[in-house]
Amino acid sequence: MKKQITISVNGEKHTLEVEPRELLVHVIREKLRLTGTHIGCDTSSCGACTVLLNGKSIKSCTVLAIQANGKEISTVEGLATAEGLHPLQEGFKENHGLHCGFCTPGMLMRAVELLEHNPNPSEEEIRWGIAGNLCRCTGYNNIVKAIQYAGAKMRGEETPSTEPEFV
Amino acid sequence: MIPASFDYAAPASLEEAFSLLEQHGDEAKILAGGHSLIPMMKLRFASPEFLIDINNIPGLSHIKEEGGYLKIGALTREAELETAKVVRAKYPIFLDATKLIADPQVRNMGTIGGNIAHGDAANDHPAVMMALRAEVVISSAEGHRTVPIDEFFYGFYMTAVQPNEILTEIRIPVPGPRTGNAYHKLERKVGDYATAGVAVQLTLDEQGTCTYAGIGLTNVNPVPLRAARSEEVLVGHKLDEERIDLAGQYAAEDCNPSSDLRGDEDYKRAMVKVLTKRMINKAIERAKS
């Protein structure tokens, strides 16, 4: 039996009919056609489906769309503005923070909340902070650097060197 | 993977939730954080016909000291334990545990009540609650009842919570001075279930004699296990190396781990011994500081 829900996605309100069993990630990708949010493992391990729900990073493969009723969702499509890329997107671009790019939307959305709670995280805090996001290219070193770059930029400090690290 | 069909309601009060439970009986499941239930439904290990989402019910999410207890609302998220001031000051055991539970996104959804009500000996809070001798508040249309944590776990996925009831709060007796607590689990990778986990709380008197010991074990027994003999060997004594070693030895002997991908039985017993000793020493260190 379908139920009506209203969700706000990247600031835009949508009223939709959903079955209770529909997962949030499917509604985002298939009904709203926002395919930046990826489905990786589909078992809440890999973090590719990470979005913000009322400002908190969650794995949208393990949340029912109906649970998001009345709530605000932010996806990777909402990060860039008319002024340009989000500092995290810029950080990933400048630091080679992505190889194949599959994990990137989830990494970005997780890092948004991480920097909001901790604007100047240590390397260890960043590594614990992205423990729920897997990069199968194993490009973690440059992902950490990308988040440090974005943190510096958002704090209004000089951004660190973007010399890529090859390991 | 999409779960099998079910119907859904998100009541705004406990009374409304109780009447839905009355109506649907054991065909209904309570949805809190959903991070144990939804994966099970996707894999068809669970196919409830009705989900009662309790997330819109006010009054189920809090962390506060009141009337001699630390009270944790059932809907409190793991992430909220990590940042609560009272937890940072007096209950570092929760910081030890939450850091090792799944990952940040899961901890934003997962609830303390759900972690316990799921009735899985692989979850981390049951052992912690045993070390702290928590009580579980279970509510129904008839009112509230309190169950000691030792009488809460009946078997695999089976607990004292009946089909017409909801776990609403966890109460932890506020420990006296010179108390220390600690938790660690050995895990193969970040966010995994424990190969073995040990929770310890100790209270010492001014002379350094142990007046309280609580020791709970994770994932080395069909149900969460209290290491009773290990506690007995500590209480009433000064905690020298010999006693601590004996406590570790007893915990290793009294648990019943099964051999699986995380390790064989002997290995897990050996790890229980090592972790018990380490957590006792860490708890002593914290009790003294």
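The rules behind each value
- Residues numbered from 1 in each chain as written.
- Chains lettered and ligands numbered in written order.
- Predicted model: local features only at pLDDT ≥ 70, side-chain atom pairs only at ≥ 80, totals over all residues.
- Helix = DSSP H or I, 4+ residues; strand = E, 2+ residues; numbered from the N terminus.
- Rg over C-alpha atoms; globule rule 2.2 N^0.38 Å.
- Buried ≥ 20, exposed ≤ 12 C-beta atoms within 10 Å, placed from the backbone.
- Contact = placed C-beta atoms within 7 Å.
- Nonpolar A, V, L, I, M, F, W, Y, C, P; charged D, E, K, R; others polar.
- Pairing = 2+ DSSP bridges.
- Axes fitted to C-alpha atoms, helices over the stretch in contact; angles between N-to-C directions.
- Domains from an automatic or database assignment.
- Core = buried A, V, L, I, M, F, W, Y, C linked by C-beta atoms within 7 Å.
- pLDDT = per-residue confidence, 0-100.
- Expected span 1.5 Å × (residues − 1).

Along its length, chain A carries five helices and five strands. Along chain A, helices and strands appear, N-terminal first, in the series β-β-α-β-β-β-α-α-α-α. Taken over the C-alpha trace, chain A has a radius of gyration of 16 Å; the compact-globule value for 167 residues is 15 Å, and the two agree within 12%. When each of the 167 residues of chain A is scored for burial, the buried share is 49%.

Before going further, it helps to examine the interface of chain B and chain A. The interface of chain B with chain A comprises 23 residues on the first partner and 24 residues on the second. If you list the elements that add at least two residues to the side of chain B that touches chain A, you get strand E1 (7–9), helix H2 (37–42), strand E3 (50–53) and helix H6 (104–109) of chain B. Split into classes, the residues belonging to the side of chain B that touches chain A amount to 13 nonpolar, seven polar and three charged.

Here the focus is the sheet that holds strand E7 (residues 143–148) of chain B. Residue and element names in this part refer to chain B. Pairing is antiparallel in the open sheet, where five strands are placed in the order E4-E5-E10-E6-E7. The sheet terminates laterally at strand E4 (63–66) and E7, the two strands that pair on one side only. Across this sheet, the average inter-strand angle for adjacent strands is 25 degrees, counted without regard to direction. Strand direction decides the pairing type here: strand E6 (residues 135–140) and strand E10 (residues 166–173), joined by five bridges, are antiparallel. Within E10, the residue paired with Glu 135 across the bridge is Arg 171.

Among all positions of helix H2 (residues 87–94) of chain A, only A:Pro87, A:Leu88, A:Gly91, A:Phe92 and A:Glu94 are buried. Packing partners of the buried residues in H2(A) comprise helix H3 (104–117) and helix H5 (140–154) of chain A.

Looking now at the domain arrangement of chain A. All names here are of chain A. Looking at the assigned domains, one finds that chain A contains domain 1 (3–78) and domain 2 (87–154). Just the C-alpha atoms count here: the centres of domain 1 and domain 2 sit 21 Å apart. Across the contact, 15 residues belong to domain 1 and 12 residues belong to domain 2. Those elements that provide at least two residues to the side of domain 1 that touches domain 2 are strand E3 (50–53) and strand E4 (56–59). In terms of residue count, E3 provides more of the side of domain 1 that touches domain 2 than any other element does, three residues in total. Its residues placed into classes, the side of domain 1 that touches domain 2 shows six nonpolar, eight polar and one charged.

Let us now look at the nonpolar core. Counting 128 residues, the largest nonpolar core has A:Ala111, B:Ile54, B:Val128, B:Ala199, B:Val200 and B:Val272 as the members making the most contacts within it. Sort the elements by how many residues they give to this core and helix H11 (residues 265–288) of chain B lands first, with eight residues. When neighbours within four sequence positions are excluded, B:Ile54 is seen to be in contact with B:Ala17, B:Ile30, B:Leu31, B:Ala32, B:Leu60, B:Leu75 and B:Ile166.

Below, the discussion takes up the sheet that holds E3(A). Whether parallel or antiparallel, the strands of a sheet pair through hydrogen bonds between backbone atoms. Residues and elements named next belong to chain A. Sheet architecture is open: five strands sit in the order E2-E1-E5-E3-E4, paired in mixed fashion. Bordering the open sheet on either side are strand E2 (12–18) and E4, each of which pairs with just one other strand. Each adjacent strand pair in this sheet contributes to an overall mean axis angle of 40 degrees, direction not counted. Strand direction decides the pairing type here: strand E1 (residues 3–9) and strand E5 (residues 72–74), joined by two bridges, are parallel. Directly across from Val 9, in E5, lies its bridge partner Ile 73. In this fold H3 packs onto E3 and E4, with an angle of close to 35 degrees to the strand it touches most, E3.

Turning next to the environment of A:Met154. Residue and element names in this part refer to chain A. Summarising the element assignment, Met 154 is placed in helix H5. Classification of Met 154 by C-beta neighbours within 10 Å gives partly exposed; the count is 16. Setting aside anything within four residues of it in sequence, one finds Met 154 in contact with Pro 87, Leu 115 and Pro 119.

Attention now moves to the confidence of the model for chain B. With 100% of its residues at a pLDDT of at least 70, chain B reaches an overall mean of 97. For this predicted complex, the interface confidence score (ipTM) comes to 0.96, while the overall pTM stands at 0.96.

Between its first and last C-alpha atoms H3(A) spans 20 Å; for 14 residues at 1.5 Å apiece the expected length is 20 Å, and the two agree. Within H3(A), 12 of the 14 residues are buried, leaving the element largely enclosed by the surrounding structure. On its buried side, H3(A) packs onto E3, E4, H2, helix H4 (123–129) and H5 of chain A together with H6 of chain B.

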